[in-house]
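Each chain, letter by letter, is given below.
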Amino acid sequence: NIIVLCNRLEDNMSTKSMTLYMVVPCYNEEEVLEETTKQLNVIFDGMKEAGKITEKSRILYVNDGSRDQTWNLISKLHKENFWVSGLNLSRNRGHQNAVLAGLMYAKDHCDAAISMDADLQDDVHAIEQMVDLYLQGKDVVYGVRSSRKKDTFFKKFTAEGFYKIMKWMGVDIVFNHADFRLMSKRVLMEMEKYKEVNLFLRGMVPLIGYPSECVYYERNERFAGESKYPLKKMLSFAFDGITSFSVKPIRFILSMGIVIFFVSIAILIYSIVRHCMGATALGWSSLMVSIWALGGLQLFAIGLIGEYIGKMYLETKGRPRFAIQEVLDKVENEKGTAL
Ligand code: UDP
Ligand code: MG
């Protein structure tokens, strides 16, 4: 353990530089890309100067099937700028898939990758802090919004509500962290093994584990253009997040069924009492009891079936069950070979 740690520290002491890939998904972003490139270039030049990143580092724009001139612009920026590269997807696959495509490409070329939105809402000055934390041995650095002063009331209300519901549903996510984060090569290698189709990256990364840290930043307004996340997309994204990571909704139906079934027993007793007192119309008692008892039983049965479907659903995802972070074995350490 200590040897591994020392090796890593030594590596960092001697080189202290890494190959960084910025993964930037772009969907109809022709209005902002020039400015984004300008700002990222300044950051990259600065980090190169300080010897923190190597010349192999890149700003990787992922064009997510834009309908405007975004791809042509990326090609142009690539010719004119040392740091800029591009990745063109076959069609619009949505933000999460575009980020994943970029990350999976970057993983073979970098030591760590940072995903960031194109619209400059994420603070580019946090990038250097992320790189510093990586050089200090962190594998994941989450960019967390320190406040939402610049958001509209509606966006703030829905977004923060979303994080709270996710927490309540038992999904382990970082509060107020979106998709501005650094991930080391080994985190990306693990991520490759998650074969799920309904992507929800911010839920996946805490699941992968490894040492992590947060960096706080003030989120800006969009530099130009409109949000590519209308309410409908936002809701479906939130629902995907919950159903991809939690079977709580199913369990909720199950418990509701049990509760209603107990209520039906109470009503049974009540009906019998009323019946004996002779204060009811003929047939009332049996109807009352059967409505409640059957309703409860049905919900209970659906919930139970759902429970099994939930299990199957998680199984078909075929997620890896664990990842080895370190091998604590004397023999292996001496030989210097892994499992
Ligand atoms: N985006 C994408 N594909 C899409 C929608 C959005 O690649 O189908 C990108 C978009 O270009 C931006 C990022 O995802 O870089 C976040 O989108 P946006 O800023 O519109 O979302 P908001 O910040 O309003 O939630
Ligand atoms: Mg945005």
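Cut-offs and rules
Residues numbered from 1 in each chain as written. Chains lettered and ligands numbered in written order. Predicted model: local features only at pLDDT ≥ 70, side-chain atom pairs only at ≥ 80, totals over all residues. Heavy atoms only, no water. Near = heavy atom within 4 Å. Polar contact = N/O pair within 3.5 Å; in protein donor to acceptor, adjacent residues only side chain to side chain. Areas by Shrake-Rupley, 256 points an atom, 1.4 Å probe, with all protein chains shown as cover. Nonpolar A, V, L, I, M, F, W, Y, C, P; charged D, E, K, R; others polar. Phe/Tyr/Trp six-rings, centres within 6.5 Å; stacked < 30°, edge-to-face > 60°. Buried < 20%, exposed > 50% of the residue type's maximum accessible area, 1.4 Å probe, protein only. Lys NZ or Arg CZ within 6 Å of the ring centre and 35° of its normal. Helix = DSSP H or I, 4+ residues; strand = E, 2+ residues; numbered from the N terminus. Pairing = 2+ DSSP bridges. Contact = heavy atoms within 4.5 Å. Axes fitted to C-alpha atoms, helices over the stretch in contact; angles between N-to-C directions. Parallel < 35°, antiparallel > 145°, perpendicular 65-115°, else oblique. Left-handed = near helix turned anticlockwise from the far one by under 90°. Donors = N, O, S within 2.8 Å, 3.2 Å for Na, K, Ca; no water. Expected span 1.5 Å × (residues − 1). Salt bridge = Lys/Arg side-chain N within 4 Å of Asp/Glu carboxyl O. pLDDT = per-residue confidence, 0-100.

To continue, consider the site of ligand 1. The full set close to ligand 1 counts 19 residues, and E29, D64, D119, S227 and K228 are the nearest of them. Interatomic distance of 3.1 Å between a side-chain N/O atom of N92 and an oxygen atom of ligand 1. Within the contact set of ligand 1, an oxygen atom lies 2.5 Å away from a side-chain nitrogen or oxygen of D119. The protein chains hide 95% of the 530 Å² of surface that ligand 1 would expose on its own. Taken together, the residues of the shell around ligand 1 sort by class into 5 nonpolar, 5 polar and 9 charged.

On to the packing of aromatic side chains. In this structure the tally under the stated criterion is 8 aromatic pairs. Ring geometry for F82 against W83: centres 5.0 Å apart, planes inclined by 80°, an arrangement best described as edge-to-face. Residue class for W83 comes out buried when judged on its relative accessible area of 4%. The rings of F162, Y163, F175, F200 and F237 are connected pair by pair, giving a single aromatic cluster. Here R58 stacks its cationic end above the ring of F82, 5.2 Å away from the centre of that ring.

Let us look at the pairing of strand β4 (residues 112-115). The side chains of a regular strand alternate, residue by residue, between the two faces of the sheet. On β4, burial covers both faces: A112 and I114 on one face and A113 and S115 on the other are all buried. Bridge analysis of β4 against strand β6 (residues 177-184) gives 4 bridges, and the strand direction is antiparallel. Within β6, the residue paired with S115 across the bridge is R181.

Residue position: T36 is located in helix α2 (residues 33-49). Overall, the relative accessible area of 0% leaves T36 in the buried class. In this view, T36 contacts Y61, M116, A118 and L120; residues no more than four positions away in its chain are not counted.

The next point concerns the packing of helix α7 (residues 185-192) against helix α8 (residues 201-208). Interaxial distance between α7 and α8 falls to 10 Å at its minimum, and their mutual angle equals 110°. In terms of their interaxial angle, α7 and α8 are classed as roughly perpendicular. Crossing angle aside, the handedness with which α7 passes α8 is right-handed. Of the residues in α8, those touching α7 at V187, E190 and M191 are L201, M204, V205 and I208.

Before going further, it helps to examine the environment of L188. Residue placement: L188 occurs in helix α7. Once the C-alpha coordinates of L188 and L100 are considered, the two residues, 88 residues apart in sequence, prove to be 9.5 Å apart. Dropping the residues within four chain positions of it, L188 is found in contact with L103, M104, K107, C110, A113 and M183.

Any two packed helices are characterised by the angle at which their axes cross and by the distance between the axes. For the pair α2 and helix α3 (residues 70-80), the least separation of the axes is 10 Å and the interaxial angle reads 30°. Relative to α3, the element α2 is oriented roughly parallel. With respect to the hand of their crossing, α2 and α3 are arranged in right-handed fashion. The segment α2 lies against α3, with L33, E34 and T37 engaging T70, L73, I74, K76 and L77.

This part takes up the coordination of the magnesium ion (ligand 2). With distances of 1.9 Å, the protein atoms coordinating the magnesium ion (ligand 2) are D119 (OD) and Q121 (OE1). By relative accessible area, D119 is classed as buried at 4%.

Now for helix α9 (residues 231-245). Since one α-helical turn is 3.6 residues long, residues separated by three or four positions face the same way. Taking 1.5 Å of rise per residue, the 15 residues of α9 would be expected to cover 21 Å, and the 21 Å separating its terminal C-alpha atoms lies within 8% of that figure. Of the positions making up α9, those classed as buried are M234, F237, A238, G241, I242, S244 and F245.

For the coordinates displayed, the defined rule picks out 12 salt bridges. Residue K193 pairs with E190 through a salt bridge whose shortest N-O separation is 3.0 Å. We classify E190 as buried; its relative accessible area is 10%. Linked by salt bridges that have partners in common, K52, E128 and D132 make up one network.

Residues with a pLDDT of 70 or more make up 89% of the chain, whose mean pLDDT is 82. Predicted confidence in the chain is weakest over helix α12 (residues 330-335), with a mean pLDDT of 40, and strongest over β4, with 95. Scored below 50 in pLDDT, residues 330-339 makes 6 contacts in the model with residues more than four places away or belonging to other chains.

Moving on: the sheet that holds strand β2 (residues 58-63). Strands sit in the order β3-β2-β1-β4-β6-β5-β7 across an open sheet of 7 strands; the sheet is mixed. Unpaired on one side and paired on the other, β3 (84-88) and β7 (212-217) mark the two borders of the sheet. Strand after strand, the sheet turns through a mean of 25° between neighbouring axes, direction not considered. Where strand β5 (residues 140-145) lies against β7, 6 bridges are found, and the strand directions are parallel. Note that in β7 the partner of Y142 across the bridge is C214. The strands that helix α4 (residues 95-106) touches are β1 (20-26), β2, β3, β4 and β6; relative to β1, the one it contacts most, it runs at about 155°.

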